[in-house]
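Given next are the chains, with one letter for each unit.
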Amino acid sequence: MVSRQTTRPLRKLVPAVAIGVSALLGIVGCSAGQVAQTAEMPPAVNGNSGQLGSLALRDVQVVFPESGEAYEEGDDAPLQLTIINSGNDGDELIGVTSPAGEVEMTGNPAIPARTALAVVPPEENESATTTTTTTTTESSPSSETAGSEAPGTETGSETSGSGTSSVTTTGSPADTEAVAPVVGTMSLVITGLTAGLPFGKNVPVTFEFANAGSITILLPVGAPSTPRPEAEGIEEEH
């Protein structure tokens, strides 16, 4: 026979256990929600971005040097980016300048409506037909100020049509334009760097278009596409 005194502690224990289980389930549910949100986050890219009317410049960067060493004065530094035209009218890249050196343009710079133009290193450009070299421009006060801005800042003003935009955008904003087919490729190379370009330093580059105007973006040196030799050695040791 069980007395009433022995059953009272059990009655108090059951609600306490139920509360503990509910709290545990709540923590698990919140954790699952956080994992789901993280999984939906877009992957980061190495380059910067810019928007000029219906033209979007994405993943804009200086190609990582083949030697694995930082660019030195006098070196050639190829650029890499994608220019997306989400408008109903075609446009054309007519000039690229930088205080870091003269910029050589090779290939077809036309960007028809609703298409994209890929800027790749010269060795990857199979459609190179013409070459144009633009002269070096002195760094303007606005470029120097933009170069000292903290990451994630935007300076200057932007106008549509034939206006001029001097904007420096960092980070990787979500693309709002529809996916456009890449119909052309060209190459842009800063030839004869006026100074060394160490890793972590950004270089201002101005892109001028026939219709949209111009935009200045700070370009970082991209990350290597393959692991460095010393990194591979560390992995083998482990």
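Look up: the structure comes first, before these words.
Summarised in this report is the structure supplied together with it. (Residues numbered from 1 in each chain as written. Predicted model: local features only at pLDDT ≥ 70, side-chain atom pairs only at ≥ 80, totals over all residues. Heavy atoms only, no water.)

**Remarks on the overall build of the protein**
The following threshold applies: Helix and strand assignments follow DSSP, with helices taken as H or I runs no shorter than four residues and strands as E runs no shorter than two, numbered in order from the N terminus. Note on classification: 1.4 Å probe, protein chains only; a residue is buried when its accessible area is under 20% of the maximum for its type, exposed when over 50%, partly exposed between these limits. Methods summary: accessible areas were calculated by the Shrake-Rupley approach with a probe of 1.4 Å, and residue burial reflects only the protein chains presented.
In terms of helices and strands, the protein carries three helices and 13 strands. Among the 238 residues that make up the protein, the fraction classed as buried is 34%. For the protein, the exposed area adds up to about 14,000 Å²; of that, 55% sits on carbon and sulfur atoms.

**Some points on the sheet that holds strand β6 (residues 110–111)**
Stated formally: A pair of strands is treated as paired once DSSP finds two or more bridges between them.
Taken in spatial order, the four strands of this open sheet run β6-β4-β12-β13, and their pairing is antiparallel. Only two strands of the sheet have a single partner each, and these edge strands are β6 and β13 (213–219). One ladder, built from four bridges, connects strand β4 (residues 91–97) with strand β12 (residues 203–209); its direction is antiparallel. Of the residues in β12, the one forming a bridge with Thr97 is Thr206.

**Re the side chain of Arg58**
What counts is decided by this rule: Each polar contact in these results corresponds to two N or O atoms within 3.5 Å; when the atoms are within protein, one needs to be able to donate a hydrogen and the other to accept it, and residues that are neighboring in sequence are counted only if both atoms are side-chain atoms.
As for its position among the elements, Arg58 is in strand β2 (residues 55–62). Within the structure, the side chain of Arg58 is placed 3.3 Å from the side chain of Gln51, a separation counted as a polar contact.

**Some remarks on unusual backbone geometry**
Even without glycine at this site, Asp59 takes up a positive phi of about 50°. Locating Asp59 in the fold gives a position in strand β2. Taking the relative accessible area as the measure of exposure, Asp59 reaches 25% and is therefore partly exposed. With phi around 60°, Arg114 is a residue other than glycine that occupies positive phi space. Structurally, the position occupied by Arg114 is in the loop between β6 and β7 (115–119). Of the residues examined, Arg114 reaches a relative accessible area of 48% and is grouped as partly exposed.

**Digging into the pairing of strand β11 (residues 182–191)**
Where strand β3 (residues 77–85) meets β11, two bridges bridge the pair, whose relative direction is antiparallel. Each bridged residue has a counterpart across the sheet, and for Ala77 the counterpart in β11 is Ile190. The sheet contact formed by strand β5 (residues 102–107) and β11 spans six bridges and is antiparallel. Among the inter-strand pairings, Glu104 is bridged to a residue of β11, identified as Val189.

**Re the environment of Ala223**
Our working definition: Whether two residues touch is decided by their heavy atoms; if any such pair falls within 4.5 Å, the residues are in contact.
By the element assignment, Ala223 lies in the loop between β13 and α3 (229–237). Residue classification places Ala223 among the partly exposed positions, given a relative accessible area of 39%. Along the chain, Ala223 and Gly47 lie 176 residues apart, while their C-alpha atoms are 9.1 Å from each other. In contact with Ala223, other than residues within four places in its own chain, are Asn46, Gln61 and Phe64.

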